[in-house]
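Spelled out, the chains give:
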Amino acid sequence: MITPIHARMARSSLGWSQMELKNRTGLSKTTLIRFEAGLGVHYKTAQTLEAVFTKEGLTFLYEDNAHGPGVLLSKDLSRRLSQEAEKPKTPNSRKRSQKT
């Protein structure tokens, strides 16, 4: 089962805000904040998060004697994220023209 650090790493890898994750999972923002902070949530919440992240192409690594927890990206997800990063960004707001 995923841990709070897994959820933070997964969300960061995907470039999702907590609002984006809220919209994709149907969980409340408060629940997501509590989970990522390690404040305890229902088992079903962790299952829901893991299912959404796995569907996107993430695999979770668990701590062992040599390594800490981690997140792996599938090849498809890695390609998709690389393509998205290469797209030109459009500004969110228009620049105001300045009168001189």
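Let us look at the structure shown here. (Residues numbered from 1 in each chain as written. Predicted model: local features only at pLDDT ≥ 70, side-chain atom pairs only at ≥ 80, totals over all residues. Heavy atoms only, no water.)

## Some details on the packing of aromatic side chains
The relative placement of two aromatic rings is captured by the distance of their centres and the angle of their planes.
Moving on, step 1. This structure, assessed with the given rule, holds two aromatic pairs.
Moving on, step 2. For the pair Phe-53 and Phe-60, a centre-to-centre distance of 6.2 Å together with 65° between the ring planes defines the contact as edge-to-face.
Moving on, step 3. Assessed through its relative accessible area of 0%, Phe-53 is described here as buried. (Phe/Tyr/Trp six-rings, centres within 6.5 Å; stacked < 30°, edge-to-face > 60°. Buried < 20%, exposed > 50% of the residue type's maximum accessible area, 1.4 Å probe, protein only.)

## Digging into the side chain of Thr-45
Moving on, step 1. Looking at where Thr-45 falls in the secondary structure, it is placed in helix 4 (residues 43-56).
Moving on, step 2. Other than its neighbours up to four places away in sequence, Thr-45 contacts Leu-27 and Thr-31. (Helix = DSSP H or I, 4+ residues; strand = E, 2+ residues; numbered from the N terminus. Contact = heavy atoms within 4.5 Å.)

## Thoughts on helix 1 (residues 4-14)
Moving on, step 1. Of all the residues in helix 1, the buried ones are His-6, Ala-7, Ala-10, Arg-11 and Leu-14. End-on view of helix 1: buried residues confined to an arc of 125°, all on one side of the axis.
Moving on, step 2. Residues of helix 1 that are buried sit in contact with helix 2 (18-25), helix 3 (29-36), helix 4, strand 1 (58-61), strand 2 (70-73) and helix 5 (75-86).
Moving on, step 3. Positive phi appears at Gly-15, one or two residues downstream of helix 1, with a value of about 75°. (Arc of directions from axis to C-beta.)

## Observations concerning the pairing of strand 1
Moving on, step 1. Here strand 1 shows a buried face lined by Leu-58 and Phe-60 and an unburied face lined by Thr-59 and Leu-61.
Moving on, step 2. In the sheet, strand 1 pairs with strand 2 via four bridges, with the strands oriented antiparallel. Residue pairing for strand 2: Phe-60 is matched across the bridge by Val-71. (Pairing = 2+ DSSP bridges.)

## Description of the pattern of salt bridges
Oppositely charged side chains may form a pair once their charged atoms are brought near each other.
Moving on, step 1. Enumeration over the complete set of coordinates arrives at six salt bridges.
Moving on, step 2. In this structure, the salt-bridge partner of Asp-76 is Arg-79, at a minimum N-O distance of 3.3 Å. With Asp-76 and Arg-79 both in helix 5 and three residues apart, the pair spans about one turn of that helix.
Moving on, step 3. We note a salt bridge from Glu-84 to Arg-80, for which the minimum N-O separation is 3.8 Å. In this pair, Glu-84 and Arg-80 are both assigned in helix 5, four residues apart and thus about one turn of the helix distant. (Salt bridge = Lys/Arg side-chain N within 4 Å of Asp/Glu carboxyl O.)

## A few points about the packing of helix 2 against helix 3
Moving on, step 1. The N-to-C vectors of helix 2 and helix 3 enclose an angle of 115°; their axes lie 9 Å apart at closest approach. As far as their axial angle goes, helix 3 and helix 2 are roughly perpendicular. At the point where helix 2 passes helix 3, the crossing takes the right-handed sense. The residues of helix 3 that touch helix 2, namely those facing Gln-18, Met-19, Leu-21, Lys-22 and Thr-25, are Lys-29, Leu-32, Ile-33 and Glu-36.
Moving on, step 2. When its residues are assigned to classes, the contact of helix 2 with helix 3 shows four nonpolar, two polar and three charged. (Axes fitted to C-alpha atoms, helices over the stretch in contact; angles between N-to-C directions. Parallel < 35°, antiparallel > 145°, perpendicular 65-115°, else oblique. Left-handed = near helix turned anticlockwise from the far one by under 90°. Nonpolar A, V, L, I, M, F, W, Y, C, P; charged D, E, K, R; others polar.)

Note that every value here comes from positions in space, so none of it alone points to a role or purpose.
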